[in-house]
Amino acid sequence: MYEEEELTRTFKALSHPVRRQILDLVKDGPKTTGELSDQFEDLSRYAVMKHLRQLEESNLIIVRREGRNRENYLNAVPLKEIHNRWMNQYQSTMAGSMLALKNNIERGNNDMEKPHNLKHDAFQIEQKITIDAPVSKVFDSLTKDIDKWWAYRLCGEDSTLYLDPKLGGQFVEKASEDHAALWGTVTYVNAPYELRFQGLLGMNTAVNGAYSYSLEEKDSKTILTLSHDVSGLIDPEWKENYSGGWEELLGKFLKEYVEEGKIPENVRG
């Protein structure tokens, strides 16, 4: 029933053209409330804030306060969940993958290595999902059980993933002693409520990357918030790829593993 209520809130939020326009405005990057209000000459700031409040309540907008400003981020996970409910049987397992790794590696053609695609830039991703499990179980799945649901691999499908949830601990993938990859290093831990990482997550150019998980228990469920910040030499397509990958990793693979014990097809059980 809870998922049906979430679905109803999502459709209700999408039913108004102003709210759909707001989502169009924030899909390419966060906007302050003032910036959004300026786009609607026929609406008062109060009316725009009312629409934003409904989008936030339906989990389609995530708010981060930066000083006196309110930054509004698109959270595409509820839209992805709607897509998965009716369309999953028609999509490939790796559709919208975070790094488009599988196809690139199989073709031996990693587009990330093409320097003409890169430019100095930055992007931020904010996503929020609801998992029907207590915080402690979700935290254990994010750490101890990560090899069972993290479907993307840099070292081949026979590799193993490890995450040591302590300060300085590593999120590493190993196929052998001579074939390994570092996905990130823990820079902050407050178990079981928060984990922060510094790491490239598969990028192989001059970038600074940081990502974090924040967990909050509400009504016996866990609200998991992802934040991912990247700056440096960036391909314009990476934000879309990573956003889609996070939606799949957390909104599908992690959620299904925690709630149903389901392991993705290309992960060894």
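Residues numbered from 1 in each chain as written. Predicted model: local features only at pLDDT ≥ 70, side-chain atom pairs only at ≥ 80, totals over all residues. Heavy atoms only, no water.

Let us now look at the sheet that holds strand β7 (residues 179-190). Strand order in this open sheet of seven strands is β4-β10-β9-β8-β7-β6-β5, and the pairing throughout is antiparallel. Only two strands of the sheet have a single neighbouring strand rather than two, namely β4 (119-131) and β5 (160-163). Between one strand and the next, the sheet's axes are offset by a mean angle of 20°, whatever the strand orientation. Pairing analysis gives 13 bridges linking β4 to strand β10 (residues 221-234), with the strands arranged antiparallel. When the sheet's bridge partners are listed, threonine 130 is paired in β10 with isoleucine 223. Sitting on the sheet, helix α7 (residues 135-143) is in contact with β4, β5, β8 (194-198), β9 (207-218) and β10, with an inclination near 155° to β9. Sitting on the sheet, helix α8 (residues 238-260) is in contact with β4, β9 and β10, with an inclination near 20° to β4. (Pairing = 2+ DSSP bridges. Helix = DSSP H or I, 4+ residues; strand = E, 2+ residues; numbered from the N terminus. Axes fitted to C-alpha atoms, helices over the stretch in contact; angles between N-to-C directions. Contact = heavy atoms within 4.5 Å.)

Moving on, we come to the sheet that holds strand β3 (residues 69-74). Pairing is antiparallel in the open sheet, where three strands are placed in the order β1-β3-β2. The open sheet has two edge strands, β1 (31-32) and β2 (61-66), and neither has a second partner. Judged from the six bridges that link them, β2 and β3 form a sheet pairing that is antiparallel. By the bridge assignment, valine 63 is partnered in β3 with asparagine 72. The strands that helix α2 (residues 17-26) touches are β1, β2 and β3; relative to β3, the one it contacts most, it runs at about 95°.

Throughout the structure, instances matching the rule amount to 12 aromatic pairs. Here tryptophan 150 and tryptophan 246 contribute two aromatic rings whose centre-to-centre distance is 5.9 Å and whose plane-to-plane angle is 85°, an arrangement assigned as edge-to-face. Of this pair, tryptophan 150 sits in the loop between α7 and β5 while tryptophan 246 sits in helix α8, and the two are 96 residues apart along the sequence. When sorted by exposure, tryptophan 150 lands in the same class as tryptophan 246, which is buried. Taking 5.9 Å as the distance between ring centres and 75° as the angle between the ring planes, the aromatic pair formed by phenylalanine 197 and tyrosine 213 counts as edge-to-face. Of this pair, phenylalanine 197 sits in strand β8 while tyrosine 213 sits in strand β9, and the two are 16 residues apart along the sequence. Take phenylalanine 197: its relative accessible area is 1%, and that puts it in the buried class. By way of ring pairs, the aromatic residues Trp149, Trp150, Phe171, Trp183, Phe197, Tyr211, Tyr213 and Trp246 are connected into one cluster. (Phe/Tyr/Trp six-rings, centres within 6.5 Å; stacked < 30°, edge-to-face > 60°. Buried < 20%, exposed > 50% of the residue type's maximum accessible area, 1.4 Å probe, protein only.)

Under the definition given, this model contains 10 salt bridges. Residues glutamate 56 and arginine 70 are paired through a salt bridge, measuring 3.5 Å at the closest nitrogen-oxygen approach. Of this pair, glutamate 56 sits in helix α4 (residues 45-57) while arginine 70 sits in strand β3, placing them 14 residues apart in sequence. Among the ionic contacts, a cluster of salt bridges with common partners joins Lys252, Glu256 and Lys262. (Salt bridge = Lys/Arg side-chain N within 4 Å of Asp/Glu carboxyl O.)

On to unusual backbone geometry, then. Keep in mind that most residues, glycine aside, have a negative phi and that most peptide bonds are trans. The omega torsion across alanine 191 and proline 192 is 0°, close enough to zero to call that bond cis. Looking at the element boundaries, proline 192 is found in the loop between β7 and β8. Unusually for a residue other than glycine, serine 220 sits at a positive phi of about 65°. Looking at where serine 220 falls in the secondary structure, it is placed in the loop between β9 and β10. Taking relative accessible area as the criterion, serine 220 reaches 55% and is therefore assigned exposed.

Another aspect to go through is the packing of α2 against α4. As a packed pair, α2 and α4 sit with axes 10 Å apart at the nearest point and diverge in direction by 75°. Comparing their axes, α4 and α2 come out roughly perpendicular. Contacts between α2 and α4 pair Val18, Arg19, Ile22 and Leu23 from the former with His51, Leu52, Gln54 and Leu55 from the latter. When its residues are assigned to classes, the contact of α2 with α4 shows five nonpolar, two polar and one charged. (Parallel < 35°, antiparallel > 145°, perpendicular 65-115°, else oblique. Nonpolar A, V, L, I, M, F, W, Y, C, P; charged D, E, K, R; others polar.)

Moving on, we get to the packing of α7 against α8. Axis separation between α7 and α8 bottoms out at 10 Å; the angle between their running directions is 115°. With respect to the hand of their crossing, α7 and α8 are arranged in right-handed fashion. Side by side, α7 and α8 meet where Lys137, Val138, Ser141 and Leu142 of the first sit next to Leu250, Leu254, Tyr257 and Val258 of the second. (Left-handed = near helix turned anticlockwise from the far one by under 90°.)

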